[in-house]
Amino acid sequence: MSNATKYCPSCGFETTNNEMNFCPNCSHQNGNGAVRLEFAKSSSLGQTRNAKNSVKSKESDAFVAAEHIAKVVTRADDVNLGTANAIDGNVTTTVTKGDTNITVETKELSDAERLRRNRAAYHSRCSELVKDGFVSSEAIKELNAFREELGLHKDIADYILKEVKEQTVQKHIVLSNAERISLESIRSAIERNNSIEIQESLRKLHALKRSSKIDEIAQLYYQLKAILEPQQFVTDFYSVHEESYWELFWSYIALTGLKSDKAEESLAALTKWETHYPANNHALIQAVAFLMDDKEQEARNAFRYIGHGYSVDLEPLHFSLCELLDKDWNEVDDVSPRAKFYIDALFKKTYDRFRETARKSKTDKIREDEEKRRREQEIKDKKESFLLQYESKTGDLGEVLFLSGVSQSQYNDWRRTDAGFRMALDAIDKRIDDKKKEAERIARKKEIEAQAAAARKAEEDRNIAIKKMEFETRYRLNKADLLKTCTELNISREDVKRWRNFDGAFNDALIHIEEVVVNEERGARISKIKKALPYVLIVCLLFACGYGYHLSKENKQEEFNRAIATYDTEFNECISLVSYDATDDDVKNLREAADIVKKMQSEGLDDYIGDKITRLDDKIDHILLKLDEAEDYAKGIDDEREKKQIERQKRKINNIKNGLSI
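Residues numbered from 1 in each chain as written. Predicted model: local features only at pLDDT ≥ 70, side-chain atom pairs only at ≥ 80, totals over all residues. Heavy atoms only, no water.

Q: Explain the overall build of the protein to me, and be specific about the residues and the numbers.
A: Scanning the protein from N- to C-terminus turns up 25 helices and six strands. With 662 residues in all, the protein has 35% of them scored as buried. Within the protein, counting contacts between residues at least 6 apart in sequence, those at least 24 apart form 56% of the total. Accessible surface, the protein as shown: approximately 39,200 Å² in total, 51% of it carbon and sulfur. (Helix = DSSP H or I, 4+ residues; strand = E, 2+ residues; numbered from the N terminus. Buried < 20%, exposed > 50% of the residue type's maximum accessible area, 1.4 Å probe, protein only. Contact = heavy atoms within 4.5 Å. Areas by Shrake-Rupley, 256 points an atom, 1.4 Å probe, with all protein chains shown as cover.)

Structure below.
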């Protein structure tokens, strides 16, 4: 008889579960208060169903009565409750109100009433722990412990758990693809708070609800209708009322929004659904209603009872409550966009007040922070100024306290409470001490260096004086030939120049030597010119005779002058091209100028070459000076090729000089 139906001979309960042995509805003395099920005959099925319906009606009335008793003995309106032994059947409650103790005793519950109460309690606990037909292992352990506490038979408990699983699965029947797409589109519009799409969504949901009995669609339809069209919702609710949990649930919101006195009736009527839907839905909707009336404290009290045991379809509404009540509005500026639809539609007044509180709090906080930063910066600046003065006054605390206007007690407080300030002072003291030691070390070092420098200077001066004496003697012997004298004594011309600039006596001695040599050279040159004068006259005579056959006597002198002018022009052109840089071009131009002079000498024009020889001599001296400088540099860098090149240049120039007998 594996496919036969079992029934309860007492109440008519039927089941096809052959493994169930006791009736989950009836009370009896045997089997922990349960009636054993029997296999039913096919002819008795109709009778058992009628009996079942009749008994269920009576059971419902009895359950409401038992529920009323439970509410009476557990109410906590401004009273402190004692203990109520409802599970054992004896209800005894001690109520303390003010200074008076009142003991309320009720008659002992019958076995049937106790069983129904325990079944209802177990059903409620199952509803809290079962999610979409699934119950975790931890929840199974909790339910088993609760069953043992209630004294329920395992078969009854298993039946109730199975019933709750089926109910939770029934509430979440798999949607069709079209329904799922529509619901996702509607939820997206709600999350984006798109008023036009939300209004259109209400019409879509109305059509979906007419063609579907899915709990998820009904909840969303009644939700939007209660929020968007509360007056029409209430009208339809009282005229074409459906036996729907979600219609009753959202009627409370619609009536609350319309300030209707009937709102509490809807709230009270929800209690009969508590065995089929999470009890925490009740606390959630009360928190919503309180917040709609801007009763923040009452809403917070209800919000604390919600926890996690509420219908999953109410998660967006719960999220909106969290955005308002579970945030510190002294720290945040606004809510998540996901919550904007519910907040704008239901909690606008509270939201605006919170926003204003947040704005004022933020403004006050900004002002306080700015004032705090200003004071801290002022103290910081004062400390920094104090430290600067302390270091500038080399640690003279008394003077720094006087100049900075800081009291001794304030200074002591800074040192005690501000480790950074204390470390900075210690660092300054160390720097001051280090500077003193360094100054003493430097002073000693400078004294030693000064003594050594003075000794070196005296030795150098003595050596330089000897060198100057040697230079004067050799300079006189070399007929004021600077290059020759420097070469022989291995003294640079820069040293000689510096000696002449800073030693007047040395400079005067050299000037005297140079004047003697110049006078001697001038005398020799004049003697040469005098010797050459007869030749000049002969040249003039030759010019006069040579050109006499075709030139008049007057033109001879003019031709002579033109020849002299030509020599002058050529010489000037050559000598002007000499740049004193001692390049090959300079030497070439110098040689051409010297050749012109020698040509004039050969023609006996000695009277006209004196200034030219002087200019050539000047150019030659400057070029030789440049070559000497270049030679010193080449020696310094040890450039043999450059040294040889300079020597060749110097030989060429000296040949020019010797060729003119300068």
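Q: Can you tell me about the packing of aromatic side chains, naming the residues and giving the values?
A: The full count for this structure, using the stated rule, is 23 aromatic pairs. Here K612 stacks its cationic end above the ring of F571, 5.7 Å away from the centre of that ring. (Phe/Tyr/Trp six-rings, centres within 6.5 Å; stacked < 30°, edge-to-face > 60°. Lys NZ or Arg CZ within 6 Å of the ring centre and 35° of its normal.)

Q: Give me the lowdown on a positive patch on the surface, citing residues and values where you can.
A: Residues R591, K598, R641, K644, R648, R651 and K652 make up a contiguous surface patch of positive charge. Elements represented by at least two residues in the positive patch include exactly α23 (584–602) and α25 (640–659). For the positive patch, the element with the most residues is α25, which contributes five residues. Assignment of secondary structure puts K644 in helix α25. (Patch = residues over 30% accessible without salt bridge, like charges linked within 9 Å, V, L, I, M, F, W, Y side chains within 5 Å. Salt bridge = Lys/Arg side-chain N within 4 Å of Asp/Glu carboxyl O. Lys, Arg positive; Asp, Glu negative; His and termini not counted. Charge placed at Lys NZ, Arg CZ, Asp CG, Glu CD.)

Q: Can you explain the pattern of salt bridges? Please cite residues and give values.
A: Counting across every chain of the model gives 38 salt bridges. A salt bridge links K457 to D461, with the nearest nitrogen and oxygen atoms 2.9 Å apart. One end of the pair, K457, and the other, D461, are both in helix α18 (residues 419–477), four residues apart, so they sit about a helical turn from each other. When its relative accessible area of 37% is taken as the criterion, D461 is described as partly exposed. K650 is the partner of D628 in a salt bridge, and the nearest nitrogen-oxygen pair spans 3.2 Å. Within this pair, whereas D628 is found in helix α24 (residues 610–636), its partner K650 is found in helix α25, the two being separated by 22 residues in sequence. K650 matches D628 in its accessibility class, with the two residues each being buried.

Q: Can you explain unusual backbone geometry? Please cite residues and give values.
A: Unlike most non-glycine residues, N490 shows phi in positive territory, near 55°. Along the chain, N490 falls in the loop between α19 (482–489) and α20 (493–502). Judged by relative accessible area, N490 falls into the exposed class, the value being 73%.

Q: Describe helix α7 (residues 215–228), listing the residues and the values that go with them.
A: Three or four residues apart is the spacing at which side chains of an α-helix point the same way, because the helix has 3.6 residues per turn. In this model, α7 (14 residues) spans 20 Å end to end at C-alpha, consistent with the 20 Å of a helix rising 1.5 Å per residue. Of all 14 residues making up α7, 13 are buried, and the element is well covered by its neighbours. (Expected span 1.5 Å × (residues − 1).)

Q: A description of the packing of helix α17 (residues 408–417) against α18 should follow, citing residues and the corresponding values.
A: Relative orientation of the contacting elements α17 and α18 amounts to 105°, with a least axis distance of 5 Å. With respect to each other, α17 and α18 are oriented roughly perpendicular. On α18, the residues touching Y411, W414, R415, R416 and T417 of α17 are A419, F421, R422, L425 and D426. Residues that form the contact of α17 with α18 fall into these classes: five nonpolar, one polar and four charged. (Axes fitted to C-alpha atoms, helices over the stretch in contact; angles between N-to-C directions. Parallel < 35°, antiparallel > 145°, perpendicular 65-115°, else oblique. Nonpolar A, V, L, I, M, F, W, Y, C, P; charged D, E, K, R; others polar.)

Q: Give me the lowdown on the nonpolar core, citing residues and values where you can.
A: Counting 66 residues, the largest nonpolar core has W250, L321, L324 and F347 as the members making the most contacts within it. In terms of residues, this core owes the most to one element, helix α9 (residues 245–257), which gives nine residues. Apart from residues no more than four positions distant in its own chain, F347 is found in contact with V288, L291, M292, L317, S320, L321, L324 and Y342. Of all hydrophobic cores here, the second largest spans 28 residues; its members include Y567, F571, V587 and A594. (Core = buried A, V, L, I, M, F, W, Y, C linked by side-chain atoms within 4.5 Å.)

Q: Tell me what's going on with the environment of I160, and back it up with residues and numbers.
A: Checked against the element boundaries, I160 lands in helix α4 (residues 154–170). With a relative accessible area of 1%, I160 lands in the buried category. C-alpha of I160 to C-alpha of S124: the two residues are 36 residues apart in sequence and 9.9 Å apart in space.

Q: I'd like a description of the side chain of S336, backed by residues and values.
A: Within the secondary structure layout, S336 lies in the loop between α13 (315–325) and α14 (340–346). Other than its neighbours up to four places away in sequence, S336 contacts F319, E323 and K327.

Q: Give a description of the packing of α9 against helix α11 (residues 280–292) that names residues and reports values.
A: To characterise two packed helices, one gives the angle between the axes of the helices and the distance between these axes. Put simply, α9 and α11 touch, their axes get as near as 9 Å, and they point 20° apart. The angle between α9 and α11 falls in the class roughly parallel. α9 and α11 meet at a crossing whose hand is right-handed. Across the interface between the two elements, Y245, W246, F249, Y252, I253, T256 and G257 of α9 pack against N281, I285, Q286, V288, A289 and M292 of α11. Partitioned by chemical class, the residues of the contact of α9 with α11 number nine nonpolar, four polar and no charged. (Left-handed = near helix turned anticlockwise from the far one by under 90°.)

Q: Can you lay out the confidence of the model for the protein for me, pointing to particular residues and giving the numbers?
A: Within the protein, residue pLDDT values average 78, and 78% of them lie at 70 or more. Model confidence for the protein, summarised as mean pLDDT per element, is weakest for strand β4 (residues 80–81) at 34 and strongest for α9 at 93. Contacts from residues 41–107, a stretch scored under 50 in pLDDT, to residues over four places away or in other chains number 74 contacts. Of the regions scoring below 50 in pLDDT, residues 547–553 engages in four contacts with residues more than four places distant in sequence or in other chains. (pLDDT = per-residue confidence, 0-100.)

Q: Could you give an account of the side chain of T271, with specific residues and numbers?
A: Note on placement: T271 falls in the loop between α10 (263–269) and α11. Residue classification places T271 among the buried positions, given a relative accessible area of 17%. Engagement of the side chain of T271 in a polar contact is seen with the backbone oxygen of A268, the distance being 2.7 Å. (Polar contact = N/O pair within 3.5 Å; in protein donor to acceptor, adjacent residues only side chain to side chain.)

Q: Explain the environment of A279 residue by residue, including any values.
A: If you trace the backbone, A279 turns up in the loop between α10 and α11. Residue classification places A279 among the partly exposed residues on the basis of a relative accessible area of 25%.

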